[in-house]
Amino acid sequence: MGLPTWAARLKAARHGECWTQKEVARRLTEAAREHAGIRLPARESLTRMLRDWEAGRARPRSPYPQLLALVFGFDEASLFSDSPAAPRYEGVEYSEQFDPEDEDRLVHAARQPRRLDTAVIGSLGVILAEQRRVEDALGSECLIVPVRAELATVEDLLAEARGKLRTPMLDMAAQYAQFSGWLHANTGRAREANVFYDRVLEYGTEVGAPDMVATALSMKGHLAWLSRKVGPLIGLSQAAQRDSAASSGLRALAAQQEARGHALAGEADETDRLLDRAVELALKSAERPDREPPWIYFYSPTYLTLQRGLAYRYLGRNGQAADLLKQGLGALAVDLQGSEWAANYIYQLALTHAAESEPEEASAVAMRAVTIAHATSSARLAADLSRLHGHLVTTWPDVQAVMDLGEALPKVA
């Protein structure tokens, strides 16, 4: 029998915070004193207990499940569920493809990894697709722990996979690692994200999947973009485009990402050339939509419009940038307009208004992003908006819209 799902989830929660077991013991002690008014055993004993819990040798008993959920900031039922899949979330519409039997099938497989079959692999794909929908609706933070626990289960299954099952299981493990990497990158955990992308490269190379290798290289380039490291951003994006066997959609994404790198470097001609190249690849992608991998479901001409607007903002073409960002945001599908990643473009639009000395417009647009930051509990987006407000209030301290924005920000900070 493999590691119990709740134990893998507990260990993933600790790793997600980069805490040692001793640090968790310290936090448990403080939480027990402050919130429950009780004293726990010495930290050495707590550390041994935590070691047993994470290994699945013992299951926490009251009051420890409540205290662990409090320390990690998760719902107790979610943290200690026996299902490898994340719990259902209110306010999220699930596709008709999703069937509770998919979760049941995965539970049984997690308990007996050697019973892996094609039905289990198919269920993993359905569950992952639903996780992506949840992330669009609720943001990345709430999925960090559940998806890391799912990935642990997937990798247990992969260790047992051989013969004809090895190839599809490698593909599925790579997809879960890629999604986990994205979740960590989008919540400011770049170091952990890079580790997951290394796994994607490993799995993609073993299975001989050019789409997955290109994705890993492109996502590593995305990490470089987040830290504004122009050299690796351009180089890794170029590498992601190099294999013509990778899908046109993936190469289009890498081309526009490279364009952003040249925009950051102030290279306007190369920026325009690569954006036009991305459009060419996008047209090829539209001719063969069946050739595109499921993890770029968000990709569309609208996405390229938003990316061109972002690149133009970096080049200082604020008027063009604002028009493109408005056009792209207006064309987004309804179920994506409130997503965390869409809010980044709303924030970029607010920046263009600020650059054009339009504080009222900048504040009004930023308020839209505030609503999404609150709904998705996005600390990264809240921090970006706080920095924007700092600039606005320094430059236009008496503008009412700027003051209103400042009043709204503490609700999501």
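The notes below deal with the structure included here. In this text the structure is predicted, and so the values were computed from the model without any measurement.

## Structural notes on the overall build of the protein
Part 1: For the protein, the count of helices and strands is 20 helices and zero strands.
Part 2: A sequence separation of at least 24 residues applies to 67% of the contacts in the protein between residues at least 6 apart.
Part 3: When the accessible surface of the protein is summed, it comes to about 18,400 Å², and 50% of that surface belongs to carbon and sulfur atoms.

## Description of the packing of aromatic side chains
Part 1: Tallied over the entire structure, the rule returns three aromatic pairs.
Part 2: Ring plane angle 90° and centroid distance 6.1 Å describe the contact between Trp341 and Tyr345, whose orientation is recorded as edge-to-face. Pair noted here: Trp341 and Tyr345 are both in helix 17 (residues 340-355), with a separation of four residues, about one helical turn.
Part 3: Members of the aromatic cluster, each reached through a chain of ring pairs, are Tyr303, Trp341 and Tyr345.
Part 4: Between Arg260 and the ring centre of Trp225, over which it is positioned, the NZ or CZ distance is 4.5 Å.

## What about the layout of surface pockets?
Part 1: What the largest pocket holds in volume is close to 950 Å³.
Part 2: Residue lining of the largest pocket: 45 residues in total, with Trp182, Asn186, Met219, His222 and Tyr303 positioned closest to the centre.
Part 3: Mapped onto the lining of the largest pocket, the elements with two or more residues apiece are helix 7 (118-138), helix 9 (166-186), helix 11 (210-226), helix 13 (248-264), helix 15 (301-314), helix 17 and helix 19 (379-395).
Part 4: Take the lining of the largest pocket: its biggest share by element is nine residues, from helix 11.
Part 5: Here the residues of the lining of the largest pocket sort into 24 nonpolar, 12 polar and nine charged.

## Considering the packing of helix 7 against helix 8 (residues 144-160)
To characterise two packed helices, one gives the angle between the axes of the helices and the distance between these axes.
Part 1: One way to put it is that helix 7 packs onto helix 8 with a least axis distance of 12 Å and a crossing angle of 160°. As far as their axial angle goes, helix 8 and helix 7 are roughly antiparallel. The two elements helix 7 and helix 8 meet at a crossing, and its hand is left-handed. Between helix 7 and helix 8, the contacting residues are Val120, Leu124, Ile127 and Gln131 on the first element and Val147, Glu150, Val154 and Leu157 on the second.
Part 2: For the contact of helix 7 with helix 8, the class distribution of residues is six nonpolar, one polar and one charged.

What counts, and where the lines are drawn
- Residues numbered from 1 in each chain as written.
- Predicted model: local features only at pLDDT ≥ 70, side-chain atom pairs only at ≥ 80, totals over all residues.
- Heavy atoms only, no water.
- Helix = DSSP H or I, 4+ residues; strand = E, 2+ residues; numbered from the N terminus.
- Contact = heavy atoms within 4.5 Å.
- Areas by Shrake-Rupley, 256 points an atom, 1.4 Å probe, with all protein chains shown as cover.
- Phe/Tyr/Trp six-rings, centres within 6.5 Å; stacked < 30°, edge-to-face > 60°.
- Lys NZ or Arg CZ within 6 Å of the ring centre and 35° of its normal.
- 1 Å grid on protein atoms, 1.4 Å probe; cavity = no way out; pocket = protein on both sides within 12 Å on 5 of 7 lines; lining within 4 Å.
- Points joined across faces, edges and corners; volume = space filled by probe spheres on them.
- Nonpolar A, V, L, I, M, F, W, Y, C, P; charged D, E, K, R; others polar.
- Axes fitted to C-alpha atoms, helices over the stretch in contact; angles between N-to-C directions.
- Parallel < 35°, antiparallel > 145°, perpendicular 65-115°, else oblique.
- Left-handed = near helix turned anticlockwise from the far one by under 90°.

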